[in-house]
Every structure is written in structure tokens, then in C-alpha cells.
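The primary structure of each chain is shown beneath.
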Amino acid sequence: MLIKRRSSHHPTEQDVTPEAVYQDRRLILKGLGLGAATLAFPTQAGVLDLFSADKPTLGATTRPLNIHAATRPEGVIITPEEKATTHNNFYELGTDKGDPARNAHYLKPEPWQLRVEGEVAKPFTLDVWDLINKSTLEERIYRLRCVEAWSMVLPWSGISLAELIRRAEPNSRAKFVAFETLYDPEQLPGQASRSLGGGIDYPYVEGLRIDEAMNPLSFLAMGLYGKTLPAQNGAPIRLVVPWKYGFKSIKSIVSIRLVEERPPTTWNLLASNEYGFYANVNPQVDHPRWSQASERFIGEGGIFGAKRQPTLMFNGYADEVASLYQGMDLRKWY
Ligand code: MTE
């Protein structure tokens, strides 16, 4: 098999991320005996080389949305669209930051059905495009903080998660909410084997406590920059929980299930000593192998110019969410 190498001008994860962090998820691959160079996706034509030096594209097509635009907060730099759509974590579309954009064409986000089910009086299946086409979506500008110590500020459009959950009428046994990404190795080729998808057992799963899910900040995004979500950002519908590390914000969701017990979550299953269930952004609690005290903000300067800034408690949303965790020891990785 022919493996092309990146050209030297091509930005890599190392350019934006401290080396210890960069090594982290690669270590998981190594532990499985899988070098990144062995990763390649099958295509109808043969093999797609994930390490092509081509510049990542903006991925699958997007179209303008009907939204209530948010007021741009003064003095806040919004991450440029080109950065937010070419520097992604979506392991089902490849494990390097530019892979999801390059491989976005695999995912067919339309049509798309989302189930809301479990401990509810009125389970339902939602036609996501019906919702997108018939609604005026709300725009929210949120910080996104990845556990790898980089951050962005992004303009999402969508609806509050609570609004959707309420429609299903949860019963008294609904203590947690479990989310699941589409499972279809044809559309998400990283799911074809553990070696292709970074050692993860798919589908990608996530969860929240019910009061976290019902918090007004919890958001289901169907758009970014006033347009439908690009595939690499989790089309057509993804979770956004801005006070938690980015891995909680699960992409391309097909199921939201209200459950009684705390559900399993993907990164916690993979390395429970490093990735907790709660995963609240906390500058005082270091990842076991790197500091979380500061982060690289990806803004106008882009990937190469990313400057360091202090990490904020709950990613700056303490006023809205700190009360959810009263009595819990926040120094622990829950
Ligand atoms: N959801 C799925 N299904 N698969 C993934 O690999 N990566 C997570 C999260 N959601 C991921 C996912 C991680 S680690 C982060 S930081 C965010 O998506 C990144 O979102 P973005 O690419 O839109 O910035």
C-alpha cells in the first residue's frame, strides 16, 4: 500500500498542541500496536490515503440556515470558519486533525432520523431536516475547550437540549441521558475496525446527568456560522456542552435515550484514569500527563499563531453551572 507523507508546510497536531498532549491519543494507538501510518480508509476505488498533503477542504456541502443571529460579544474573537472546519476531532473520519474535513464526503447527513426514547412517556423519532427546514434556529456563541488544551469560540445554531427532552416527557426513573453517534462503517469508515478508528469500540457514546442535560446551556447544534453543520463538525445534529471538555460534545447523533443508570461513555471506557464522566473544564485539575492551567486559543492567528491563555473554571460558565456540582469534590476526575 502506498502511504504518502505530509509535506513539511502542512500543519500537524504537533504545531498547536504541547508534545505531551499530542502523544496522548497516539499512545493509545501505539498500545494497540497501530502506528498512525497504518491508518487508511477503504473506498470504492481502492484505498484512500489519509496522509495526502492536500489542504483539507471545507468538507461536504452546507447551506444557509434560518437563524436568530446572536449579538457578537464585544472584544471576543470568533475562530475563523476555515480553522473550525479543518481542525477537528471526529475519529470516525480519521484521527489527524485535517482528516475529518478530507473525509467528510463519506457521511451522508440527509435524510436523518433522531430517536428520543427510554424512560419517557412519549418516545418519538424526529426528522432532523424537517426541524431544520421549518424552524428559525437560535444562534449561540460558545467557547469550546478540548481536553488536549486548545480552544475555539464558535457560533452554533440549534435548539436547547431541554426543549427536545421535554417533548418526550421523561418519567421519574430518567436520571441520565445517553447519546449515540450513527453506526455505519460505510459513512464513517473509522468504524470499520478498531485499528482505523483510533482503538475505539464504536458507536461513539456519551452521557449527561439529567440536570446537566436540562441546564439551559446544553445545546443541540444543527448549524455553524449560520449554515448547516459540515460533516466534520458532526452533521446534521450534535451536542454542545460548553462547560465540559470537547469530547462530551458528541457528533452526528441518532439516539438520545433517557436512562436510570449512568451510561458508559467512549473516552472513559478507553482510559478511565484520564477521561472522566463529568469532564468539567477545570484549570486546577491537570490531566494525569499534562497541565490544564492554560490553553491555546485558535483565532485569527490560526494554528501556527495560536497563543496561550489561562483556562477558565467551567470554561467561563461557572455562574450558570457551578451549582450543579455542589458537594462534589471537583479536584477528582469523576
Ligand atoms: N463525536 C464523535 N462521534 N467522534 C469523535 O471523535 N470527538 C470529540 C467531540 N465529539 C468526537 C466527537 C472531541 S475529542 C472534540 S474536542 C469535539 O468533538 C471536537 O469538535 P469539533 O471538531 O467540531 O471542534
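Structure shown above.
Since the model is a prediction, treat every value here as computed from it, not as a measurement.

Visitor: I tried to follow the packing of aromatic side chains on my own but got confused; where do I start?
Guide: Two descriptors summarise a pair of aromatic rings, namely the distance from one centre to the other and the angle between the planes of the rings. Tallying each qualifying case throughout the model produces 9 aromatic pairs. Plain terms: the ring middles of Phe277 and Tyr278 are 5.2 Å apart, the flat faces sit at 85° to each other, and that makes the pair edge-to-face. Note on accessibility: Phe277 and Tyr278 belong to one class, buried. Pairing Tyr278 with Tyr325 gives two aromatic rings, centres 6.0 Å apart and planes at 85°, and the pair type is edge-to-face. With a gap of 47 residues between them, Tyr278 in the loop between helix 7 (266-270) and strand 14 (294-297) and Tyr325 in the segment after helix 9 (318-321) connect regions that are remote in the sequence. This pair shows no difference in class: Tyr278 is buried, exactly as Tyr325 is. Among the aromatic residues, ring-to-ring pairing joins Phe176, Phe277, Tyr278, Phe314 and Tyr325 into one connected group. Note that Arg143 overlies the ring of Tyr317, its terminal NZ or CZ placed 5.3 Å from the centroid. Cation over ring: Lys248 sits above Phe277, and NZ or CZ is 4.2 Å from the ring centre.

Visitor: Got a minute to help me understand the site of the ligand in this structure?
Guide: Near the ligand lie 17 residues; those nearest to it are Asn88, Tyr91, Glu92, Arg238 and Lys251. Note that a nitrogen atom of the ligand is positioned 2.8 Å from one of the side-chain N or O atoms of Glu92. For the ligand, whose free accessible area comes to 530 Å², the fraction covered by protein is 99%. Across the shell around the ligand, the residue classes break down as 7 nonpolar, 6 polar and 4 charged.

Rules used throughout
Residues numbered from 1 in each chain as written. Predicted model: local features only at pLDDT ≥ 70, side-chain atom pairs only at ≥ 80, totals over all residues. Heavy atoms only, no water. Phe/Tyr/Trp six-rings, centres within 6.5 Å; stacked < 30°, edge-to-face > 60°. Buried < 20%, exposed > 50% of the residue type's maximum accessible area, 1.4 Å probe, protein only. Helix = DSSP H or I, 4+ residues; strand = E, 2+ residues; numbered from the N terminus. Lys NZ or Arg CZ within 6 Å of the ring centre and 35° of its normal. Near = heavy atom within 4 Å. Polar contact = N/O pair within 3.5 Å; in protein donor to acceptor, adjacent residues only side chain to side chain. Areas by Shrake-Rupley, 256 points an atom, 1.4 Å probe, with all protein chains shown as cover. Nonpolar A, V, L, I, M, F, W, Y, C, P; charged D, E, K, R; others polar.

It is worth stressing that arrangement in space is one thing and function is another; only the former is reported here.
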